[in-house]
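Spelled out, the chains give:
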Amino acid sequence: GGKGAVSAPSGSSWVGATTLGHVLRLRGYSTAFVGKWHMGHPRSSLSAADRRRVQRTQAADWKSVRDVVLPEYRRVQGMVREAGFDYAERLYVNNLYPEQHVLPSSMLLHNVEWIAEGASKFIAMRRRGPFFLVVSWTLPHNPDAEDSLSGDPRFTPGGLWACNRTAVALAREAVRMRATRATRAPLPRYGHRHYPLALAWIDAGM
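Residues numbered from 1 in each chain as written. Predicted model: local features only at pLDDT ≥ 70, side-chain atom pairs only at ≥ 80, totals over all residues. Heavy atoms only, no water.

**Remarks on the overall build of the protein**
Applicable threshold: Helical segments are the DSSP runs of H or I of at least four residues, strand segments are the runs of E of at least two, and each set is numbered from the N terminus. For every residue, the accessible area obtained with a 1.4 Å probe (protein chains only) is divided by the maximum for its type, and the residue is called buried under 20%, exposed over 50%, and partly exposed between those limits. Contacts: residue pairs with any heavy atoms within 4.5 Å of one another.
Broken down by element type, the protein carries six helices and five strands. When the elements of the protein are put in sequence order from the N terminus, they spell out α-β-α-α-β-α-β-α-β-β-α. Within the protein, the proportion of its 206 residues that are buried is 39%. Sequence separation of at least 24 residues holds for 75% of the intrachain contacts in the protein that already meet a minimum separation of 6.

The following block contains the structure:
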């Protein structure tokens, strides 16, 4: 764990308490958290001026702020590990508000593929015992999902993801097509003569 790596977390009701991650880890589970951590965030070591500078930096100039952003991201990982999760990867802090992420604002997009790959990597790990995995998505909150679908899939709170951009673009286009077909397909066998669309969103995994 990252004991001592996080000081005075903001809005963290779990601090000092026993979490489900702690309990299951003591019982031999491998524990993991991937995605949106909605239980507070570590206080930044940066000044307000430095945070604003990072947030105003263009994505094309990522390298100029990388050495500032990555230590802040590792602080978030340390916080999640202290909450009982040994594997703390592909993390966002709360919803995607720029003031809570030390990252160029233009890089702050939903990236479900990045989250999903992190979860898949944990599941694929060789282990002897059981595991407990929380996957928490950033949708349906801001920013608009369409902006993220059209955005660069490399952009993540942990820096630039070395992904296959062509493959991700094709997958995102398939999502658009399926959503479009869903809004146009009636459900006659259920007695519906209109075009209903049912969406189920999970806000947070904890």
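**Notes on the pairing of strand S3 (residues 131-136)**
A regular strand carries its side chains on alternate faces of the sheet. Threshold: Being paired, for any two strands, means DSSP has found at least two bridges between them.
Of the two faces of S3, the one lined by Phe132, Val134 and Ser136 is fully buried and the one lined by Phe131, Leu133 and Val135 carries no buried residue. Judged from the six bridges that link them, strand S1 (residues 30-37) and S3 form a sheet pairing that is parallel. The partner of alanine 32 across the bridge, within S3, is leucine 133.

**As for the packing of aromatic side chains**
Where we set the bar: The pairing test for Phe, Tyr and Trp rings, Trp by its six-membered ring, is centres within 6.5 Å, and the orientation test on the planes gives stacked under 30 degrees, edge-to-face over 60, and tilted for anything in between.
Per the counting criterion, the structure on display carries seven aromatic pairs. When the ring of tyrosine 87 is compared with that of phenylalanine 122, the centres are 5.1 Å apart and the planes differ by 45°; the resulting orientation is tilted. Placement of tyrosine 87 in strand S2 (residues 87-93) and of phenylalanine 122 in helix H4 (residues 112-124) is noted, with a sequence separation of 35 residues between them. By the burial criterion, tyrosine 87 is buried, and phenylalanine 122 matches it. Aromatic pair phenylalanine 122 and phenylalanine 131: ring centres 5.4 Å apart, planes at 90°, arrangement edge-to-face. For phenylalanine 122, a relative accessible area of 3% gives the class buried. By relative accessible area, phenylalanine 131 is classed as partly exposed at 36%. In textbook terms, an aromatic cluster arises when at least three aromatic residues are bridged by ring pairs, as seen for Phe33, Trp37, Phe85 and Phe132.

**Overview of the pairing of S1**
For S1, the tally of buried residues reaches seven of eight residues, placing the bulk of the element in the interior. Where S1 meets S2, six bridges bridge the pair, whose relative direction is parallel. Looking at S2, one finds that lysine 36 is bridged to tyrosine 92.

**Focus: the layout of surface pockets**
Formally: Put simply, the grid is 1 Å and covers the protein atoms alone, a cavity is a trapped set of points that fit a 1.4 Å probe, a pocket is an open set with protein on both sides within 12 Å along at least five of seven lines, and lining residues have an atom within 4 Å of a point. Grid points are joined across faces, edges and corners, and a volume is the space filled by probe spheres set on the points. Residue polarity follows a fixed list, in which Ala, Val, Leu, Ile, Met, Phe, Trp, Tyr, Cys and Pro are nonpolar, Asp, Glu, Lys and Arg are charged, and the others, Gly among them, are polar.
Put simply, the second largest pocket is a space of about 220 Å³. Around the second largest pocket sit 18 residues that line it, and Val76, Val93, Gln100, His101 and Val102 are the ones nearest its centre. Secondary-structure elements contributing two or more residues to the lining of the second largest pocket are helix H3 (66-82) and S2. A breakdown of the residues in the lining of the second largest pocket according to their chemical character gives ten nonpolar, four polar and four charged.

**Notes on the nonpolar core**
Defined as follows: Nonpolar core, defined: a set of buried Ala, Val, Leu, Ile, Met, Phe, Trp, Tyr and Cys residues in which side-chain atoms within 4.5 Å join the residues together.
In terms of nonpolar packing, the biggest core is built from 37 residues, with Phe33, Trp37, Val69, Val80, Phe85 and Leu91 touching the most fellow members. Contributing elements (two or more residues each) for this core: S1, H3, S2, H4 and S3.

**A look at unusual backbone geometry**
That bond from asparagine 142 to proline 143 is cis: its omega, -5°, falls within 30 degrees of zero. Locating proline 143 in the fold gives a position in the loop between S3 and helix H5 (145-149). Of note, the phi angle at arginine 90 is positive, near 55°, even though the residue is not glycine. Checked against the element boundaries, arginine 90 lands in strand S2. On the accessibility criterion, arginine 90 (11% relative accessible area) is buried. If you check the backbone angles, asparagine 94 has positive phi at about 55° while not being a glycine. Residue placement: asparagine 94 occurs in the loop between S2 and H4.

**Some thoughts on the pattern of salt bridges**
So the rule is basically this: By definition here, a salt bridge exists when the distance from a side-chain nitrogen of Lys or Arg to a carboxyl oxygen of Asp or Glu is within 4 Å.
In this structure the tally under the stated criterion is six salt bridges. The partner of glutamate 117 in a salt bridge is arginine 90, and the shortest N-O contact between them spans 3.0 Å. One end of the pair, glutamate 117, is in helix H4; the other, arginine 90, is in strand S2, with 27 residues separating them in the sequence. Notably, a salt bridge pairs arginine 172 with glutamate 113, separated by 2.9 Å at the nearest N-O pair.

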